[in-house]
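Now for the letters of each chain:
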Amino acid sequence: MSKLSIVGVGSVGTAIAYACLIRGSARALSLYDTDAKKVRAEVLDLNHGGQFVPPCTVTGSDDVGVTAGSTVVVVTAGAKQHAGQSRLELAGTNVTMAQQLTPQLLEQSPEAVVLFVTNPVDIVTYAAARAVDAPPGRILGSGTVLDSSRFRFVIARRAGIAVGNVHGLIVGEHGDSEISLWSSVSIGGVPAEQFHADGAMVFDEQARAEISAEVVGAAYEIIAGKGATSLAIGLSTARIVEAILGDQHRVLPVSTVQRGTYGITEVALSLPTVVDAAGAGPVLPVPLAVPELLGLQASAATLRRAQSGLRL
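Conventions we followed
Residues numbered from 1 in each chain as written. Predicted model: local features only at pLDDT ≥ 70, side-chain atom pairs only at ≥ 80, totals over all residues. Heavy atoms only, no water. Helix = DSSP H or I, 4+ residues; strand = E, 2+ residues; numbered from the N terminus. Rg over C-alpha atoms; globule rule 2.2 N^0.38 Å. Buried < 20%, exposed > 50% of the residue type's maximum accessible area, 1.4 Å probe, protein only. Contact = heavy atoms within 4.5 Å. Areas by Shrake-Rupley, 256 points an atom, 1.4 Å probe, with all protein chains shown as cover. Lys, Arg positive; Asp, Glu negative; His and termini not counted. Charge placed at Lys NZ, Arg CZ, Asp CG, Glu CD. Polar contact = N/O pair within 3.5 Å; in protein donor to acceptor, adjacent residues only side chain to side chain. Salt bridge = Lys/Arg side-chain N within 4 Å of Asp/Glu carboxyl O. Phe/Tyr/Trp six-rings, centres within 6.5 Å; stacked < 30°, edge-to-face > 60°. Axes fitted to C-alpha atoms, helices over the stretch in contact; angles between N-to-C directions. Parallel < 35°, antiparallel > 145°, perpendicular 65-115°, else oblique. Left-handed = near helix turned anticlockwise from the far one by under 90°. Nonpolar A, V, L, I, M, F, W, Y, C, P; charged D, E, K, R; others polar. Expected span 1.5 Å × (residues − 1).

Asks: Please explain the overall build of the protein as it appears in this structure.
Replies: Tallying secondary structure elements over the protein gives eight helices and 18 strands in all. Taking 2.2 N^0.38 as the reference for a compact globule, 312 residues should give roughly 20 Å; the C-alpha atoms of the protein span a radius of gyration of 19 Å, in line with that estimate. Based on the C-alpha atoms only, the size of the protein along its principal axes is roughly 60 × 45 × 35 Å. The buried share of the protein, taken over its 312 residues, is 52%. Considering only residue pairs separated by 6 or more positions, the protein has 72% of its internal contacts joining residues 24 or more positions apart. When the accessible surface of the protein is summed, it comes to about 13,500 Å², and 54% of that surface belongs to carbon and sulfur atoms. On the protein, the mean spot of the 22 positive side-chain charges and the mean spot of the 27 negative ones are 3 Å from each other.

See below:
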């Protein structure tokens, strides 16, 4: 039976649990948090809706043993990003957490895939992967899966086309240095640079810049308005979980330790990656325009600088 464990039952962890329960992502769901009272409350709340969702056994505890035997472990625990604070500013505290927690989780579930959502997700993922002797791809981060969804949403809104017919990727850091891959965007099969409405180009240089800036700033706007991003990251994380549990070989821009694609090494960041039961598989080297390649390499450099002061 597929078992999913979620570490941390704050707003993000709870949203992931709720999304996975509604979508039927797993047959067993375990919540782990050091706050025993909060865990019990969330488990009760989820179980009380059991008749309205696909069958799923929901348990929880303040003992890490509740995660034992997991197929996938999602980690959301860590310091929270506050209004006006960049993701990179969270690095010190959350890196230490990842280094200490990851070995404990794999001790409980030696074959599990561990998916980090905690920010700054790229640096946390890199630290976690360095902290254990796990096969490549077994430790990954949620990366820019949500950013890419935001990107597609904004493009679809401008084009007046259903978001399901828009394809586009954000790569690099899940943060301020992320890169919009405009050269590979398509809207109903039409490249963005050729998409017109009423005889006018919809995605000219100015429109592209505005959309890219809106995607980068989306989390800041949501945090300023409601204190945290939660619902969309819950849904996007459920999608990653399903790709793993279903061995779907789905291409998603998850964050993994890079091993030479585009000349990038010694850093975790997001590139289109095959996700299956083993976690993160091969990276697909999609063609990049020169400014995109330079931007991606600059994003990697930004992450390396942030890592330089940490014990990784």
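Asks: In this structure, what is going on with the side chain of glutamate 242? I would like to understand it.
Replies: Within the element layout of this structure, glutamate 242 appears in helix α7 (residues 231-245). At a separation of 2.7 Å, a polar atom in the side chain of glutamate 242 contacts the side chain of arginine 23. Setting aside residues no more than four positions away along its own chain, glutamate 242 makes contact with Arg23, Ser25, Asp247 and Gln248.

Asks: Explain the pattern of salt bridges to me, please; I cannot follow it from the model alone.
Replies: Two side chains with opposite charge may pair up if their charged atoms get near one another. Counting across every chain of the model gives five salt bridges. For the salt bridge of glutamate 214 with arginine 157, the shortest nitrogen-to-oxygen distance reads 2.8 Å. Placement of the pair is glutamate 214 in helix α6 (residues 205-226) and arginine 157 in helix α5 (residues 145-159), with a sequence separation of 57 residues. Glutamate 214 sits in the partly exposed class, given a relative accessible area of 31%. The salt bridge involving glutamate 242 is made with arginine 239; its shortest N-O contact spans 4.0 Å. Pair noted here: glutamate 242 and arginine 239 are both in helix α7, with a separation of three residues, about one helical turn. Each member of the pair, glutamate 242 as well as arginine 239, is classed as buried. Taken together, the salt bridges that share partners define one network made up of Arg23, Arg239 and Glu242.

Asks: Whenever I open this one, the packing of aromatic side chains confuses me. Can you help?
Replies: In this structure the tally under the stated criterion is three aromatic pairs. Residues tryptophan 182 and phenylalanine 203 carry aromatic rings whose centres are separated by 5.9 Å and whose planes lie at 40° to one another, so their mutual orientation is tilted. Taken as a pair, tryptophan 182 in the loop between β9 (179-180) and β10 (186-187) and phenylalanine 203 in the loop between β13 (200-201) and α6 lie far apart in primary sequence, 21 residues in all. Taking the relative accessible area as the measure of exposure, tryptophan 182 reaches 9% and is therefore buried. Taken together, a centroid distance of 6.0 Å and an interplanar angle of 50° make the contact between phenylalanine 195 and phenylalanine 203 tilted. Assessed through its relative accessible area of 12%, phenylalanine 195 is described here as buried. Among the aromatic residues, those joined into a ring-pair cluster are Phe151, Trp182, Phe195 and Phe203.

Asks: Sorry, what's going on with the side chain of aspartate 147 here?
Replies: Assignment of secondary structure puts aspartate 147 in helix α5. Buried within the structure, aspartate 147 lacks any salt-bridge partner; arginine 150 is the closest side chain of opposite charge, at an N-O distance of 4.3 Å. Setting aside its immediate chain neighbours within four residues, aspartate 147 contacts Ile170, His174, Glu178 and Val215.

Asks: So what exactly am I meant to see when it comes to the packing of α5 against α6 here?
Replies: Look at α5 against α6: their axes get within 10 Å of each other, and the N-to-C directions meet at 130°. Relative to α6, the element α5 is oriented oblique. In this structure, α5 meets α6 at a crossing whose hand is right-handed. Mapping the contact onto sequence places Asp147, Arg150, Phe151, Val154, Ile155, Arg157 and Arg158 in α5 and Ala207, Glu210, Ile211, Glu214, Val215, Ala218, Ala219 and Ile222 in α6. Taken together, the residues of the contact of α5 with α6 break down into nine nonpolar, no polar and six charged.

Asks: What should I look at first to understand α5 in this one?
Replies: An α-helix turns once per 3.6 residues; consequently, residues spaced three or four apart project the same way. With 15 residues, α5 extends 21 Å between its outermost C-alpha atoms, agreeing within 8% with the 21 Å of an ideal straight helix rising 1.5 Å per residue. Of the residues one or two after α5, glycine 160 is the one with positive phi, at around 70°.

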